[in-house]
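Below, each chain spelled out in residue letters.
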Amino acid sequence: MAKGQHTAKNIGRNTKNLLNYPRAGVSGWTRFLPSIRILVVGGLSLVIALCVAFAVGYAATDIPEPNLEATGQTSTIYYSDGKTPIGQYKVEDRKSVEIDEISEPMQKAAIAAEDTSFYENRGISIKGLSRAVVGVATNQYAGGGSTITQQYVKNFYLTNEHSLDRKVKEMFISLKIDQQQSKDEILANYLNTIYLGRRSYGIEVAAQNYFDKPASELNVSESALLAAMIQRPGAADPSDNPEAYEDRFNYVVKNMVDEGFITEEQAAKVEMPTVQKQNKESSLSGQKGYMWDFVRREALAKLDIDEAQLDRGGYNIVTTFDKDRMKAAEQAIKTLPQDQPEGMQAGLVSIDPDDGGIEAFYGGKNYLDQAFNASTQSHVQAGSTFKPFALVAGLENGVRLTDTYPGASPTTLNNDGTPWPVRNFGGSSYGPVSLLKATQSSINTAYAALNVQVGPDKTVDVAERAGLSANCTDKEMEAGDTGGCSIGLTPNPSNVLGTPSVKPIDMASAYATFASNGVHHETHSIKKITKGAEDEEVYKAETKGKRVFDKAVAAETSYALSQVVQGGSGSYAQNLGRPAAGKTGTTNENKAAWFSGYTPNLATSVVLYREVDGKQLSIGAYGGRGEVTGGSFPVQVWTDYMQTALQGEKVEQFPARGELPDKPKPKNSNPAPAPKPEPKAPSGSNDGSDGEDESPKTKAPIETPKDDEDKNKDSDGDEKGKEEGSKDGSDGKDSEDGSSGDGGNNDSDNGGDGDNGSEGGGGSGEGGSEDGSSGNGPGNGGDSEDGGLPVIPSPGG
């Protein structure tokens, strides 16, 4: 071999590489051991790589949007006091509070139980992370070891997935959260997201569910137990098996001592607290379910949100429902005789006329048995409760209470050239009657003539202005979507007899418009809605109202309807003991019976009807009566409820009657028959014999009080006589003791509302009055709501 070749070979063999691995100049297996250089370089490289990876991971990890489940809070509805809860809308029972609304013992107990280094660490626990990484790698992850910040991040932003990727994200997000939020904020957020059993999410709901108190009032023992439950919230219910948490409870108390949160003396006095039993009763039973459902529908509409948003939105909804009046409504319905026929339904709606707020209603016996609300969802023929709409239409168009109409039964009316036979309830027959008398005794023939005179389209217009929903369209009827409309509310001459089917809530709304002297307010059940822990107001009801009737027209209407109570078909309501007005109603074939009435400060409608398999049937014999009428059980329920509801309320008078609008009176094509010679009518009255005005002066007759005590006493019997004159054949003094007038065949009491002969001692052949006295009128009295009349089409088909 050449000398140069040998030298080159030795040089290559003895030259060291960069890392000197395997080590040069070392023989045997030891040359494969790492040198100091390799260890230093390798260690530095690993540190650099980890730092780079950490920096990249920290920068690349964004704080995600919170979990929908974690941010969702329970929405709560309250009675009108804003404090007493009615129910909740929720997916999970959750309510967040600020840190100062969580007691200090609860804060300390949570730290003692879950993270004693909470105020010192930077959001993560290296020891806990290492344990978790090993556990995930070996598929033996047992949880635990995470800081409070990490647990908050997992609950609020991530999931419970057992994966290395989730733990890495948890670490980076926890570090960032610790930089962005204060420790108090993190602790509050953590305590608002933990699950503590009984479907309780967050410390506030848990405090209420276990101890019936807010989180701000939790003491040391209560706090220690709840903190002990954080690790295993579903292990047991502490009211049934407190031993399941005893060891963890003692652990928490010991840690509180070790951390200096409490003294050993205080710890010695700490015992396992008494936990209230879980309420297993449904929160939607009875009337609460009806309120819950009605408010839910209104809230979705007013906030324009979907159900998921309401269930997770954390809204606080203050309703108009008065707790005492709701109870009074239920109690009043319970006074009805118990021998009820199959399908018997009762509805009651009470509205504040000053703002349109629903003070109370009765939806049914139990929401859990029947979710359908008889007061807000049912459609029931209106009967004679519809007549006041024709009365208002007449007063707006020149008609006066002193105008006379035919009261005989049967009477064939001229309906735009078409004969229309009309009869009164039970065949009760009268002579010529004033409009006031027709209202007081609910005389069909007179009101049918009035409706033809003013036009049934005007009656419909008044009904809608007052508060009835517009008539259902063909599309709505075909789809069965009739919740927001009335059925049969058409310009049909027979509508005045109560053929339209309306919702009780709408009828109450209309009579509330009368009670507010012609101002209509939107009917509503929600006062205001706030959101979140800060109670940010997001909705407030509009209560201003809109004038829909002239003041004098409204006052005249209230006067006429007050006479129904003073001496007519609704005379039982005199038991209320304060000024009241209203109208009875009994429908064809006795399918429904109504009383809608009001005082100046509260309007209420009551209805009884019977429905089986979606079909309305005759109520029939019930409660010892052969037939149920508006002047029987409905007015009794109304009076019973109003007596309780208005207890302690100021007694208010109806507005004084005033000058009515001076408008040309429509021609009356159905004048009352010429009456027998009688005394001259009072000044300002109109005999109405030809249906046309004989004088441009169309003011309502107004008496001049003799002294201050006589003011606003529009319901005096003397004034009533003046209003009616003697054109109805009576002597102008409607008796309440069952005596009859001169020639009217039936006075206001013994001819009223078909209750005669069934409530008192009048018998079937006499007109028994409400107080049990009998009159000399024929049949069962005078309030046929539609009297069994055929429903005729509106003019022109």
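Being a predicted model, the structure only gives us computed values, none of them experimental.

A. Layout of the overall build of the protein. Check the secondary structure of the protein and you find 24 helices and 21 strands. Sequence-distant contacts in the protein: of pairs separated by 6 or more residues, those separated by 24 or more amount to 70%. Working note: accessible area of the protein is about 35000 Å², and carbon and sulfur atoms make up 49% of it.

B. Seen up close, a negative patch on the surface. A cluster of like negative charges, contributed by Glu98, Asp100, Glu101, Asp184, Glu185, Glu534 and Glu536, occupies part of the molecular surface. Inspection of the secondary structure assignment puts Glu98 in the loop between β3 (93-94) and α4 (104-114). The class of Glu98 is partly exposed, set by a relative accessible area of 40%.

C. Broad picture of the pattern of salt bridges. Following the criterion strictly, the structure yields 20 salt bridges and no others. Arg465 is paired through a salt bridge with Asp461; the nearest N and O atoms lie 3.0 Å apart. Of the two residues, Arg465 and Asp461 both sit in helix α19 (residues 456-466), 4 residues apart, roughly one turn of that helix. Assessed through its relative accessible area of 37%, Asp461 is described here as partly exposed. Between Glu589 and Lys591 there is a salt bridge whose closest N-O contact spans 3.6 Å. One connected set of salt bridges, linked through shared partners, spans Arg122, Asp178 and Lys183.

D. Structural context of the sheet that holds strand β5 (residues 315-319). Pairing is mixed in the open sheet, where 5 strands are placed in the order β2-β1-β5-β15-β16. Both outer strands of the open sheet, β2 (85-89) and β16 (536-540), are each paired with one neighbouring strand and no more. Averaged over all neighbouring strand pairs, the angle between strand axes comes to 20°, with direction disregarded. Where strand β1 (residues 75-78) lies against β5, 3 bridges are found, and the strand directions are parallel. Bridge pairing links Tyr78 to Val318 in β5. Strands β1, β2, β5, β15 (526-531) and β16 of the sheet are contacted by helix α13 (residues 288-303), whose axis makes an angle of about 55° with β2.

E. Molecular detail of the pairing of strand β11 (residues 418-422). As judged from the 5 bridges shared by strand β10 (residues 411-415) and β11, these two strands associate in the antiparallel manner. Bridge pairing links Asn414 to Pro419 in β11. Here β10 folds back onto β11, and the loop between the two strands holds 2 residues, one of which, Asp416, carries a positive phi near 55°.

F. Structural context of the environment of Ser146. With respect to the helices, strands and loops of the structure, Ser146 is situated in the loop between α5 (126-137) and α6 (148-156). In sequence terms Ser146 and Ile124 are 22 residues apart; their C-alpha atoms lie 7.1 Å from each other.

G. Structural detail: the packing of α4 against helix α11 (residues 246-258). As a packed pair, α4 and α11 sit with axes 8 Å apart at the nearest point and diverge in direction by 105°. Between α4 and α11, the crossing angle belongs to the class labelled roughly perpendicular. In this structure, α4 uses Pro105, Lys108, Ala109, Ala112, Ala113 and Glu114 to contact α11, whose residues at the interface are Arg248, Tyr251, Val252, Asn255 and Met256. Class assignment for the residues of the contact of α4 with α11 results in 7 nonpolar, 1 polar and 3 charged.

H. Representation of the pairing of β1 within the structure. The side-chain alternation of β1 yields two buried faces, one formed by Ser75 and Ile77 and the other by Thr76 and Tyr78. As paired elements, β1 and β2 share 4 bridges and run antiparallel to each other. Within the sheet, the bridge partner assigned to Tyr78 lies in β2 and is Pro85. Between the end of β1 and the start of β2, which pair antiparallel, lie 6 residues, with Gly82 showing a positive phi angle near 75°.

I. Here's a closer look at the state of the cysteines. Enumeration according to the criterion identifies 1 disulfide in this entry. Disulfide pairing is shown between Cys472 and Cys485; the S-S distance is 1.9 Å. Taking the torsion about the S-S bond as the criterion, the Cys472 to Cys485 disulfide, at about 90°, is right-handed. Placement of the pair is Cys472 in the loop between α19 and α20 (474-479) and Cys485 in the loop between α20 and β13 (501-502), with a sequence separation of 13 residues. Just as Cys472 is buried, Cys485 falls in that class too.

J. Fine view of the packing of aromatic side chains. Counted according to the given criterion, the structure contains 15 aromatic pairs. Plain terms: the ring middles of Phe389 and Phe514 are 6.1 Å apart, the flat faces sit at 45° to each other, and that makes the pair tilted. With Phe389 in helix α16 (residues 387-396) and Phe514 in helix α21 (residues 504-515), this residue pair connects regions lying 125 residues apart in the sequence. Like Phe389, the residue Phe514 is buried in the burial classification. When the centroid spacing of 5.3 Å and the interplanar angle of 65° are considered together, the rings of Tyr622 and Phe633 count as edge-to-face.

K. A nonpolar patch on the surface, seen in detail. On the surface, a nonpolar cluster with roughly 290 Å² of combined accessible area is contributed by Val40, Leu44 and Ile48. Summarising the element assignment, Ile48 is placed in helix α2 (residues 36-60).

L. Structural context of the side chain of Ser516. Mapped onto the fold, Ser516 is located in the loop between α21 and β14 (519-520). Within the structure, Ser516 has its side chain in polar contact with the backbone oxygen of Val519 (distance 2.3 Å). Here Ser516 is in contact with Pro353 and His521, once residues within four sequence places are set aside.

M. Seen up close, the packing of α6 against helix α8 (residues 183-193). Across the interface, α6 lies against α8 with an axial gap of 9 Å and an inter-helix angle of 50°. Of the possible angle classes, the one that applies to α6 and α8 is oblique. The two elements α6 and α8 meet at a crossing, and its hand is left-handed. On α8, the residues that touch Ile148, Thr149, Gln151, Tyr152, Asn155 and Phe156 of α6 are Lys183, Ile186, Leu187, Asn189, Tyr190 and Thr193. Its residues assigned to classes, the contact of α6 with α8 comprises 6 nonpolar, 5 polar and 1 charged.

N. View of unusual backbone geometry. Going from Ser409 to Pro410, the amide bond is cis rather than trans, its omega being 0°. Tracing the backbone through its elements, the reader meets Pro410 in the loop between β9 (404-405) and β10. In this structure, Asp212 takes a positive phi of about 55° despite not being glycine. Its place among the elements puts Asp212 in the loop between α9 (203-211) and α10 (220-229). Of the residues examined, Asp212 reaches a relative accessible area of 54% and is grouped as exposed.

Reading the values: rules and limits
- Residues numbered from 1 in each chain as written.
- Predicted model: local features only at pLDDT ≥ 70, side-chain atom pairs only at ≥ 80, totals over all residues.
- Heavy atoms only, no water.
- Helix = DSSP H or I, 4+ residues; strand = E, 2+ residues; numbered from the N terminus.
- Contact = heavy atoms within 4.5 Å.
- Areas by Shrake-Rupley, 256 points an atom, 1.4 Å probe, with all protein chains shown as cover.
- Patch = residues over 30% accessible without salt bridge, like charges linked within 9 Å, V, L, I, M, F, W, Y side chains within 5 Å.
- Salt bridge = Lys/Arg side-chain N within 4 Å of Asp/Glu carboxyl O.
- Lys, Arg positive; Asp, Glu negative; His and termini not counted.
- Charge placed at Lys NZ, Arg CZ, Asp CG, Glu CD.
- Buried < 20%, exposed > 50% of the residue type's maximum accessible area, 1.4 Å probe, protein only.
- Pairing = 2+ DSSP bridges.
- Axes fitted to C-alpha atoms, helices over the stretch in contact; angles between N-to-C directions.
- Parallel < 35°, antiparallel > 145°, perpendicular 65-115°, else oblique.
- Nonpolar A, V, L, I, M, F, W, Y, C, P; charged D, E, K, R; others polar.
- Disulfide = S-S within 2.5 Å.
- Phe/Tyr/Trp six-rings, centres within 6.5 Å; stacked < 30°, edge-to-face > 60°.
- Polar contact = N/O pair within 3.5 Å; in protein donor to acceptor, adjacent residues only side chain to side chain.
- Left-handed = near helix turned anticlockwise from the far one by under 90°.

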